[in-house]
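# Working through the structure, step by step
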Protein chains: 2
Amino acid sequence: MRADARRNYERLLAEARAAFAESGVEASLEDIARRAGVGIGTLYRHFPTRDALLEALLRDGFDALAAQARDAPATREALAAWALAVMESSTAYRGLTTAFVTTLRDESTELYASCKAMNAAGTDLLSRAQQAGGIRPDVEAPEFLTMVYGIAWADEQTRGGRTERLLNLLLDGLRPI
Amino acid sequence: MRADARRNYERLLAEARAAFAESGVEASLEDIARRAGVGIGTLYRHFPTRDALLEALLRDGFDALAAQARDAPATREALAAWALAVMESSTAYRGLTTAFVTTLRDESTELYASCKAMNAAGTDLLSRAQQAGGIRPDVEAPEFLTMVYGIAWADEQTRGGRTERLLNLLLDGLRPI
DNA sequence: TCCCAAGCGGAGTCTGCCTCCGCTTATCCT
DNA sequence: AGGATAAGCGGAGGCAGACTCCGCTTGGGA
């Protein structure tokens, strides 16, 4: 990669992070390019889609969450802590949860691949917690993840700031009967 | 209201219903006007915002849901049935749940007013069910509604078709401890 | 130093939102 | 019936943002 290309790539990432933090994931791409001091064509060459840009920003966080799930003990508390971390990272930028969930339908994207490893680790943690008796055994991982993402989204939208409380209500209720 | 105005109003509503059903609530308004055989200006005169159009389409359903909540007995089962009906109506068009929840933040819209009566009736039903011992008493209505809408949204997005199952998991878990 | 492919950038196209205002016509009045 | 008039119409036009295309520039190897 040529030095100027690398430089532009980095600047774009930095400005994208700032713009997303400020205006949410729907921030104008033309604006990001302008702020980075490059043409819009350059942005599109490095990141062909908005999702590609998001993925580059979020990859490290996903990896960390996957690792957290793998290292966690098989308890309801650990599952709750992991889910809370997922919810918090999915609300890092306004609209992120929506981007996640809609992208998770399209298996061809980079963002999907990144998310998938994290969700797989979460799936494993759930099933370990179930075997250890912390969670009722009939709940399936996609059901659990759907509820977690849904609650994160709704709390973000209503600006509730109740993520942890809602997650606790949910997990309390998923105890074995 | 002049006869031609009334006619246009009705045609716009009919075409909007069709377009939303087909393409989701983000369907192009210019397209709806075109299909109704009127100018875009006419659409905007009758329905100044997309929400106004949605509200006109959904009002009757909201009223019915409010009535259902008022007439329901104070049981967990009745609350579940009402919540399921809410979830189903909020997924009548693709993207509707999002429109609901984001609009519920803006108290000045018509859609807000319509939704509010329905949510108020649901709030009352929840509190009756709590008094009757069917639901744990520390859950507050906004928390409950947030979770219900969130789950409806996530299930719609993932095309899960598990709305009822997820709602049952949630309400099972909200039994008094 | 020269060369050329990697890389740049922005003009141009497209789509959709929304406003504004000159024209049309339904309806009322005589 | 026919004229007056305000209610209603409609689309041109301005704006914003996504995305493409291609002629120009330049980093860096030979």
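Overview of the structure.

How each quantity is defined
- Residues numbered from 1 in each chain as written.
- Chains lettered and ligands numbered in written order.
- Predicted model: local features only at pLDDT ≥ 70, side-chain atom pairs only at ≥ 80, totals over all residues.
- Heavy atoms only, no water.
- Core = buried A, V, L, I, M, F, W, Y, C linked by side-chain atoms within 4.5 Å.
- Buried < 20%, exposed > 50% of the residue type's maximum accessible area, 1.4 Å probe, protein only.
- Contact = heavy atoms within 4.5 Å.
- Near = heavy atom within 4 Å.
- Polar contact = N/O pair within 3.5 Å; in protein donor to acceptor, adjacent residues only side chain to side chain.
- Helix = DSSP H or I, 4+ residues; strand = E, 2+ residues; numbered from the N terminus.
- Nonpolar A, V, L, I, M, F, W, Y, C, P; charged D, E, K, R; others polar.
- Phe/Tyr/Trp six-rings, centres within 6.5 Å; stacked < 30°, edge-to-face > 60°.
- Salt bridge = Lys/Arg side-chain N within 4 Å of Asp/Glu carboxyl O.

All right, on to the nonpolar core then. By size, the foremost hydrophobic cluster in this structure holds 130 residues, and its most contacted members are W82(A), F144(A), W82(B) and F144(B). Residues within four places of F144(A) in sequence aside, it is in contact with L79(A), A83(A), L126(A), V139(A), L171(A) and L174(A).

Of all residues adjacent to DNA strand C, which total 22 residues, the nearest are R2(A), N8(A), R45(A), E30(B) and R50(B). Expressed as a percentage, the sugar and phosphate content of the atoms of DNA strand C within 4 Å of the protein is 60%. Within the side chain of R45(A), a nitrogen or oxygen atom sits 2.5 Å from a phosphate oxygen of DNA strand C. Take A3(B): an N or O atom from its main chain is 3.0 Å from a phosphate oxygen of DNA strand C. Looking at the surface near DNA strand C, the elements with two or more residues in it are helix 1 (3-23) and helix 3 (40-46) of chain A together with helix 1 (3-23), helix 2 (29-36) and helix 3 (40-46) of chain B. A per-element tally of the surface near DNA strand C places helix 3 of chain A first, with 5 residues. Its residues placed into classes, the surface near DNA strand C shows 9 nonpolar, 6 polar and 7 charged.

The next subject is the packing of aromatic side chains. Enumeration over the complete set of coordinates arrives at 9 aromatic pairs over all chains. Ring plane angle 50° and centroid distance 5.3 Å describe the contact between F62(B) and F100(B), whose orientation is recorded as tilted. Of this pair, F62(B) sits in helix 4 (residues 50-71) while F100(B) sits in helix 6 (residues 96-103), and the two are 38 residues apart along the sequence. Assessed through its relative accessible area of 2%, F62(B) is described here as buried. The exposure class of F100(B) is buried, given its relative accessible area of 2%. Each member of the aromatic cluster is reached from another via a ring pair, and the members are F62(A), F100(A) and Y149(A).

When the charged atoms of two side chains with opposite charge come close together, those side chains can pair. Inspection of every chain in the model, using the stated rule, returns 28 salt bridges over all chains. Between R2(A) and D4(A) there is a salt bridge; the shortest N-O distance is 2.9 Å. The partly exposed category is assigned to D4(A), whose relative accessible area is 30%. Linking R34(B) and D31(B) is a salt bridge whose minimum nitrogen-to-oxygen distance equals 3.3 Å. Separated by 3 residues within a single helix, R34(B) and D31(B) lie in helix 2, roughly one turn from each other.

By themselves, these observations are geometric and do not establish any function.
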